[in-house]
2 protein chains.
Amino acid sequence: MYRTHTCGELRLNQVSTSVTLAGWVQTVRKFGSITFVDLRDRYGITQLLFGEALQPVLDAQPLGREYVITVTGTVQERSNKNTQIPTGDIEIAVEEFKILNKSAVPPFTITDDTDGGDDIRMKYRYLDLRRNAVKKNLELRYAVNRAARNYLHEQGFMDIETPFLIKSTPEGARDFVVPSRMNAGEFYALPQSPQTFKQLLMVSGYDRYYQIVKCFRDEDLRADRQPEFTQIDCEMAFVEQEDILQMFEGLIKHIFKAVKGIDYTEKVERTTWEEAMWMYGNDKPDIRFGMQLTNLKFPQHTFVNKQVAVPSTTKGNAEHAALESDFAVFNDAETVIAIAAPNCSEYTRKQTDELVEWVKRPQIGMKGLAFIKCNTDGSFKSSIDKFYSEEKLAAIAQACGAQKGDLILLLAGAEERTRKAASELRLEMGKRLNLRNPNEFKLLWVLDFPLFEYAEDDNRWVARHHPFTSPKPSDIATMINNNPAIENAAKYLEHPYANIKANAYDMVLNGNEIGGGSIRIFQRELQEKMFAALGMSPEEALHKFGFLLGAFEYGAPPHGGIAFGFDRLCSILGGSESIRDFIAFPKNNSGRDVMLDAPSSIDDKQLTELSIKLNLA
Amino acid sequence: MYRTHTCGELRLNQVSTSVTLAGWVQTVRKFGSITFVDLRDRYGITQLLFGEALQPVLDAQPLGREYVITVTGTVQERSNKNTQIPTGDIEIAVEEFKILNKSAVPPFTITDDTDGGDDIRMKYRYLDLRRNAVKKNLELRYAVNRAARNYLHEQGFMDIETPFLIKSTPEGARDFVVPSRMNAGEFYALPQSPQTFKQLLMVSGYDRYYQIVKCFRDEDLRADRQPEFTQIDCEMAFVEQEDILQMFEGLIKHIFKAVKGIDYTEKVERTTWEEAMWMYGNDKPDIRFGMQLTNLKFPQHTFVNKQVAVPSTTKGNAEHAALESDFAVFNDAETVIAIAAPNCSEYTRKQTDELVEWVKRPQIGMKGLAFIKCNTDGSFKSSIDKFYSEEKLAAIAQACGAQKGDLILLLAGAEERTRKAASELRLEMGKRLNLRNPNEFKLLWVLDFPLFEYAEDDNRWVARHHPFTSPKPSDIATMINNNPAIENAAKYLEHPYANIKANAYDMVLNGNEIGGGSIRIFQRELQEKMFAALGMSPEEALHKFGFLLGAFEYGAPPHGGIAFGFDRLCSILGGSESIRDFIAFPKNNSGRDVMLDAPSSIDDKQLTELSIKLNLA
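Not measured: the values here are computed from a predicted model. (Residues numbered from 1 in each chain as written. Chains lettered and ligands numbered in written order. Predicted model: local features only at pLDDT ≥ 70, side-chain atom pairs only at ≥ 80, totals over all residues. Heavy atoms only, no water.)

### Concerning the relation of the copies chain A and chain B
Next up, step 1: The transformation that overlays chain A on chain B combines an axial shift of 0.1 Å with a rotation of 180°, and the residual RMSD is 0.2 Å. Put plainly, the chains are arranged around a two-fold axis.
Next up, step 2: Taken together, the interface assignments show that 100% of the residues at the interface of chain A recur at the interface of chain B, consistent with an identical surface on both copies. (Least-squares fit on C-alpha atoms with pLDDT ≥ 70 in both. Contact = heavy atoms within 4.5 Å.)

Here it is as structure tokens:
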């Protein structure tokens, strides 16, 4: 037997007990004729005391960092207690020990503040995983997994496994494919999600399905994307949108409670996609803080994604009036957007210059930034004093709800870029002003997305969510009764499809989309119309999705669902920006596993068996 | 809202309640001016009564089998109760209804005793999944999944996800591979199991890992194999074999209790591989019944897998002596094996002829079968009376422990084939005598497997379990201190490696291997020796498994684990022979998903992006 106890469990009430522990040598400290060793395992650290009698043995078999040993000894009270660790009251007076395995000197220190850079830690991921910081992340991930399963089980959901070797039906993202040896010239695809399978399960009557499941997308990897990622994938039958929202805000609240001890008792806020775009400049707003955007020019024009999106709740033309002047930059701009940054009116020139530089960065791409300081004494000071009288500045301040002491930031330019920049600037100011507290969690449902986006290149519609998303019930007739073809590309916005809203919803947590879903199409005719709208011929639709269209002929129930990005959810709950920190064996930005050195070349024999050959440029 | 209740929950105490139900039309029965409809959902069936007032509406919108409807009405007591179903005391007096979706006539009946053949049910799997028989299997699968997770969680195991896009290291089975677009000419492999990852997690200190995870093997599919299958995959650190056996017989007992309500209080039996081969002729014996094999010739010779395997527990030469006679067939045979079939002494000529035919089938391949009837009056009657006196027959009966009333079956021939045939014959007799009760569950640990098998073609060793399995501690020195090369192929049995036993174990349930595992090698030197023994050059070992060899340099703890075949376990618990019945979307024997029609051809554009082209003969 290697151990009777773990390194995390011994306490004062076990003093005088004879125990055997096993683990890794964290530190070795020699004081004259005695040696202290901190022994570490998954559960904690226990101090070992090697007395004088054992020194010759230790000299013959010296212990080093990360050696694996087993020791037998007696628990005794420490004279010098360590209040930082749960086992800090005791130590083990070692009677005998055995080295189970030696260790070379690790290439970086196994500590929270390791000296190892990202590359070396990834190469030696098995050592990086020993660090407490990483272990805590994987423990959190398991806790989220467990909490999700428990909630869904209680709610009557069944975990049903769906296949990994499926059919390639590229829509949007690229599939990873798998050559079939037994069916020469043919390929499986790895699932981008179990979407069609979970819908079939609803057709089959399973009612409440879930899976925590790997999905695959062969995309060019942005900083924080992985080619394989995990979803909490759910589907329900006989539901409307409201049923889904209730069920899954319940899931997230349960996870908050189980994993973080947070009682999220407040109502989960909701916004429409239009409102979110208008007030925050993006569809996953961080609502831990205000600083909403004010559009100071208010023509009924179009913006991001080229969809009409001025919500009916906007305040009218007051903002527009405030802006009237001879300032050509604002007059010529398609859009002028203002943000009132609270308590920043005393920003120095250096600070405002810094912000100007920030918006000029290529990632933001603006030409400049104007300011209005709303001084605490009620006066105004602005970088555009020349064009705006104090009264005008006051009117602008009023239009964007600025208070005394605020600093108004003004961006002008083309609508889409300016709104995006304003959104980024708002987040940046939120960060600078410490308004984005990682220990505060704010949920938001974003609803009523457009069903379609316009694809300029092909002059056709693409599905904003996916081709299985249902339009709002009130828009079904519009969809069925109109030809999806866009005859006049310049006037695509006048096509009835431009205004169709989807029965879709995203859940946003602290400015991150953590989940998204929709009520699905369950009528064959409507699904066929959707495929046609996306430019698929009836033959292509049948070839790719014949099984689904077929299923809809045999009594498909109304159904809908949602999928949560499990990696992202864990990283936000763990207070981190990076999903890689929450994946045991992640890949780098080139899709490589540097520890395994994968992908790699394979044998010619393998290629031949698979009836493929390389086609290198 | 589509429903207030499910079709499985209404009872007499809800009479007079107004309810809304939704589901599928199972049957429509018209009696004069009223119509009864059985409405089905996941939870049950409820009878609907459409009264006279609704008949015109029904006439205008007739209901058909598998139509999806929602109905509102009042719960009332049935005059004609159905005691077969939990809702049989009540019915719903329908006030209004709505057809949510129509259904074409299904290609087969959605009933337990469906009229649909295998092919059509697989093509319309989404309809097959509606059948109660299939639903019960998937519910059982989920229950096993849940029970396994709960037990492992209580025991401190953590679910840690390992990657699916890994490195191809073909050993034994073929890998499925995935061309990498971003790394032209390179391929990922899909994991045959998370073996090396779970070992790395032990090196990382995670101590108790589990996963219920898909694995992939590109093998020619036998009747009941799937290219993708699910494992309950587990690993522990600081353990010896005994710890693993205790932990995982606990897991299976917990599953028995949670899923089948069975208290498996008896001790789980254990046998060595040698004993199993000797007494049952195979390494996964069904011990629900006896009928052990008796080897009537007892030279110390070799058999199955060409390994020495006569256990020290065999009884000596009594059996051999019993067989002495002039019967050339037995005298010339390498082996003569007897089975005493209980209470079969009165078998008719027709019955024994049938058994002779059975052993002559090509799958069994024996030339004949001899019989000795142990009559209830103490006399003997045999098909080989000519060569054996009554005393000799009595001696043979005694040697194989036959009782009055038994029928002794005797097979003679080459050792390996005869033993295999005897094993099959034993199972067949068990079946014929109803000794293989599907509701009885008998577990068995098979221990002490040979570490190596001899591969004749390459004149080298192959790993019987896998290359990471540790030899028994007492055999480590033998392994380290000998050159694995086999100089004289004819005398490979004299090579010291032929007798090395593995620290490996299989769990057998009712004659099926449901799980297998081993204590792993955790020392770099020993692992290198293993790779060398398998014919891998040091360079190849480093190329394929450098990460593991590297990990063993930094304090790898002793560790071991096990993996259970989840599909198989479910099918045995469900009393079925076929794992396909327990997989939501299985593939056929050509690895095809006939519902999806996958695998399928992919676009040239996809091939080009992946830097491959087809290489069809």
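And the narrative resumes.
### A short note on the interface of chain A and chain B
Next up, step 1: Contact residues are listed per partner, giving 125 residues for chain A and 125 residues for chain B.
Next up, step 2: Taken together, both faces of the contact between chain A and chain B bury some 11300 Å²; the carbon and sulfur share is 58%.
Next up, step 3: Where chain A touches chain B, the interface holds 12 salt bridges.
Next up, step 4: Taking the shortest distance from any N to any O, the salt bridge between Arg174(A) and Glu609(B) comes out at 2.9 Å.
Next up, step 5: Here chain A is connected to chain B by 73 residue pairs in polar contact (both at pLDDT 80 or more).
Next up, step 6: Among the elements that make up the side of chain A that touches chain B, the one with the highest residue count is helix H4 (residues 132–154) of chain A (11 residues).
Next up, step 7: Residue composition of the side of chain A that touches chain B, grouped by class: 69 nonpolar, 25 polar and 31 charged. (Buried area = accessible area lost by both parts, 1.4 Å probe. Salt bridge = Lys/Arg side-chain N within 4 Å of Asp/Glu carboxyl O. Polar contact = N/O pair within 3.5 Å; in protein donor to acceptor, adjacent residues only side chain to side chain. Helix = DSSP H or I, 4+ residues; strand = E, 2+ residues; numbered from the N terminus. Nonpolar A, V, L, I, M, F, W, Y, C, P; charged D, E, K, R; others polar.)

### Some thoughts on the pairing of strand E18 (residues 452–455) of chain A
Residues and elements named next belong to chain A.
Next up, step 1: As paired elements, E18 and strand E19 (residues 460–463) share four bridges and run antiparallel to each other. Across the sheet, the residue bridging to glutamate 453 is valine 462, located in E19.
Next up, step 2: Between E18 and E19, which pair antiparallel and follow one another directly, the connecting turn spans four residues, one of which, asparagine 459, has a positive phi of 45°. (Pairing = 2+ DSSP bridges.)

### Notes on a positive patch on the surface
All names here are of chain A.
Next up, step 1: Residues Arg217, Arg222, Arg225 and Lys284 make up a contiguous surface patch of positive charge.
Next up, step 2: Relative to the assigned elements, lysine 284 resides in the loop between helix H7 (273–280) and strand E12 (294–295).
Next up, step 3: Classification of lysine 284 by relative accessible area gives partly exposed; the value is 39%. (Patch = residues over 30% accessible without salt bridge, like charges linked within 9 Å, V, L, I, M, F, W, Y side chains within 5 Å. Areas by Shrake-Rupley, 256 points an atom, 1.4 Å probe, with all protein chains shown as cover. Lys, Arg positive; Asp, Glu negative; His and termini not counted. Charge placed at Lys NZ, Arg CZ, Asp CG, Glu CD. Buried < 20%, exposed > 50% of the residue type's maximum accessible area, 1.4 Å probe, protein only.)

### Re the packing of helix H10 (residues 349–360) of chain A against helix H12 (residues 415–432) of chain A
Residues and elements named next belong to chain A.
Next up, step 1: Running from N to C, H10 and H12 point in directions that differ by 140°, and their axes come no closer than 11 Å. Put simply, H10 runs oblique to H12. As for the relative orientation of H10 and H12, their crossing is right-handed in sense. Where H10 abuts H12, its residues Glu354, Leu355, Trp358 and Val359 lie against Glu424, Leu425, Glu428, Met429 and Arg432. (Axes fitted to C-alpha atoms, helices over the stretch in contact; angles between N-to-C directions. Parallel < 35°, antiparallel > 145°, perpendicular 65-115°, else oblique. Left-handed = near helix turned anticlockwise from the far one by under 90°.)

### A word on the pairing of strand E14 (residues 370–374) of chain A
Successive residues of a regular strand alternate their side chains across the two faces of the sheet.
All names here are of chain A.
Next up, step 1: Among the five residues that make up E14, four are buried, leaving the element largely enclosed by the rest of the structure.
Next up, step 2: Direction of pairing for E14 relative to strand E16 (residues 407–413): antiparallel, over a ladder of four bridges. Its bridge partner lying in E16, isoleucine 372 is registered against isoleucine 408.
Next up, step 3: Pairing of E14 with strand E15 (residues 380–382), which is carried by three bridges, proceeds in the antiparallel orientation. What sits directly across from isoleucine 372, in E15, is serine 382.
Next up, step 4: Taken together, E14 and the strand that follows it, E15, pair antiparallel across an intervening segment of five residues, in which glycine 378 is found at a positive phi of about 95°.

### Considering the nonpolar core
Next up, step 1: Phe248(B) and Ile255(B) are the most contacted members of the largest nonpolar core, which has 85 residues in total.
Next up, step 2: Here the element with the most residues in this core is helix H6 (residues 241–260) of chain B; it accounts for nine residues.
Next up, step 3: Filtering out sequence-adjacent residues up to four positions away, Ile255(B) remains in contact with Val144(B), Ala147(B), Ala148(B), Lys260(B), Leu569(B) and Leu573(B).
Next up, step 4: Of all hydrophobic cores here, the second largest spans 84 residues; its members include Leu152(A), Val268(A), Met536(A) and Tyr126(B). (Core = buried A, V, L, I, M, F, W, Y, C linked by side-chain atoms within 4.5 Å.)

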